Amino acid sequence: MASSEKLERLRQKYLTEQGNEIFDPTFARVARNVISEDGVRTKPYAGIPTLLDAPYRAPKASAPNLLDLNVALIGVPMERISLYHHVHDVAPIFQYRVADVGDVPFRSRDSLDKSIEDIETFYHQVVDAGVKPISAGGDHSETNPIMKALGRERPVGMIHIDAHCDTARGGGRWPGLPFPRRGRH
């Protein structure tokens, strides 16, 4: 088919559309689960933040409510700062003003550029308030805007704990290491 004919067919198909029609059958199936009949999508950061925005069920150790589930998303916060740290003789929650301030408020999770701007803006607000952030979650793209905000006035360092398998790219003769070793080992 000639490119002008193809262009005309596309114009006929999309010219009168409102911009919210979904033509791909696979995505249409997904959208039916995410978007209500009146065209409204659940606000991604409304209510209790959960993994994948899944419904929240309060845990019950004696009898968890699992009867109608196929999948249970489970957090395992084994290693955490408890109410009292005996080595440092500190009870952070009681000795400092500490709060979980929730997730970064994103304008759109579908735009990486906007998300990066939102991360940096939020961390600037935290830094400007004189508060020290401790962060968890996300992917590699969040590190740069956080460091830009924290390092705006002076150099900073960071502890980056990464569980992504892409950090184990093999290097030299030591498969699985992110870079070749040097010197004697």
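## Considerations on the overall build of the chain
Argument step 1. Within the chain, the secondary structure is distributed over 5 helices and 0 strands.
Argument step 2. Starting at the N terminus and ending at the C terminus, the chain contains elements arranged as α-α-α-α-α.
Argument step 3. Each of the 185 residues in the chain was classed as buried or not, and the buried ones make up 11%.
Argument step 4. For the chain, the share of sequence-separated contacts (at least 6 apart) that also reach a separation of at least 24 residues comes to 26%.
Argument step 5. In the form shown here, the chain has an accessible surface area of approximately 16700 Å², with 56% of it arising from carbon and sulfur atoms.

## So, the side chain of Ser108
Argument step 1. You can see Ser108 is positioned in the loop between helix 3 (92-95) and helix 4 (112-128).
Argument step 2. Within polar-contact distance, the side chain of Ser108 engages the backbone nitrogen of Ser111 at 3.5 Å.
Argument step 3. Beyond its immediate stretch of four places on either side in the chain, Ser108 contacts Lys114, Ser115 and Asp118.

## Some remarks on the packing of aromatic side chains
Argument step 1. Taken as a whole, this structure holds 1 aromatic pair when the rule is applied.
Argument step 2. Plain terms: the ring middles of Phe122 and Tyr123 are 6.4 Å apart, the flat faces sit at 80° to each other, and that makes the pair edge-to-face.
Argument step 3. Exposure remark for Tyr123: the relative accessible area of 9% places this residue in the buried category.

## Observations concerning a nonpolar patch on the surface
Argument step 1. Taken together, the side chains of Leu83, Tyr84, Ile93, Phe94, Tyr96 and Val98 make up a nonpolar region of the molecular surface, amounting to roughly 680 Å² of accessible area.
Argument step 2. For Ile93, a relative accessible area of 45% gives the class partly exposed.

## A few points about the confidence of the model for the chain
Argument step 1. The share of residues in the chain with pLDDT of 70 or more is 76%, and the mean pLDDT across the chain is 76.
Argument step 2. Contacts of residues 167-185 to residues separated by more than four positions or lying in other chains number 15 contacts, the stretch itself having pLDDT below 50.

## Quick word on the environment of Val98
Argument step 1. Inspection of the secondary structure puts Val98 in the loop between helix 3 and helix 4.
Argument step 2. Of the residues examined, Val98 reaches a relative accessible area of 49% and is grouped as partly exposed.
Argument step 3. Residues Val98 and Pro133 lie 35 residues apart in sequence; the distance between their C-alpha atoms is 10.0 Å.
Argument step 4. Beyond its immediate sequence surroundings of up to four residues, Val98 is in contact with Pro92 and Ile93.

## Let's talk about the pattern of salt bridges
Between side chains of opposite charge, a pair can form when the charged atoms approach closely.
Argument step 1. Going through the model one piece at a time under the given rule, you end up with 6 salt bridges.
Argument step 2. Close ionic contact of Asp128 with Arg152 constitutes a salt bridge, the shortest N to O distance being 2.3 Å. Pair noted here: Asp128 is in helix 4 and Arg152 is in the segment after helix 5 (143-150), with a separation of 24 residues, a long-range link.
Argument step 3. Here Glu153 and Arg152 are joined by a salt bridge, their closest N and O atoms 3.5 Å apart.
Argument step 4. For Glu153, a relative accessible area of 65% translates into the label exposed.
Argument step 5. Judged by relative accessible area, which is 37%, Arg152 ranks as partly exposed.
Argument step 6. Members of the salt-bridge network, linked through shared partners, are Arg107, Glu117 and Asp118.

## Some remarks on the nonpolar core
Argument step 1. One finds Val104, Ile119, Phe122, Tyr123, Val126, Ile146 and Ala149 forming the largest nonpolar core, which totals 7 residues.
Argument step 2. For this core, the secondary structure elements donating two or more residues are helix 4 and helix 5.
Argument step 3. It is helix 4 that contributes the most residues to this core, 4 residues altogether.
Argument step 4. Not counting residues up to four positions away in its chain, the partners in contact with Tyr123 are Val104, Pro133, Ser135, Ile146 and Ala149.

How each quantity is defined
- Residues numbered from 1 in each chain as written.
- Predicted model: local features only at pLDDT ≥ 70, side-chain atom pairs only at ≥ 80, totals over all residues.
- Heavy atoms only, no water.
- Helix = DSSP H or I, 4+ residues; strand = E, 2+ residues; numbered from the N terminus.
- Buried < 20%, exposed > 50% of the residue type's maximum accessible area, 1.4 Å probe, protein only.
- Contact = heavy atoms within 4.5 Å.
- Areas by Shrake-Rupley, 256 points an atom, 1.4 Å probe, with all protein chains shown as cover.
- Polar contact = N/O pair within 3.5 Å; in protein donor to acceptor, adjacent residues only side chain to side chain.
- Phe/Tyr/Trp six-rings, centres within 6.5 Å; stacked < 30°, edge-to-face > 60°.
- Patch = residues over 30% accessible without salt bridge, like charges linked within 9 Å, V, L, I, M, F, W, Y side chains within 5 Å.
- Salt bridge = Lys/Arg side-chain N within 4 Å of Asp/Glu carboxyl O.
- pLDDT = per-residue confidence, 0-100.
- Core = buried A, V, L, I, M, F, W, Y, C linked by side-chain atoms within 4.5 Å.

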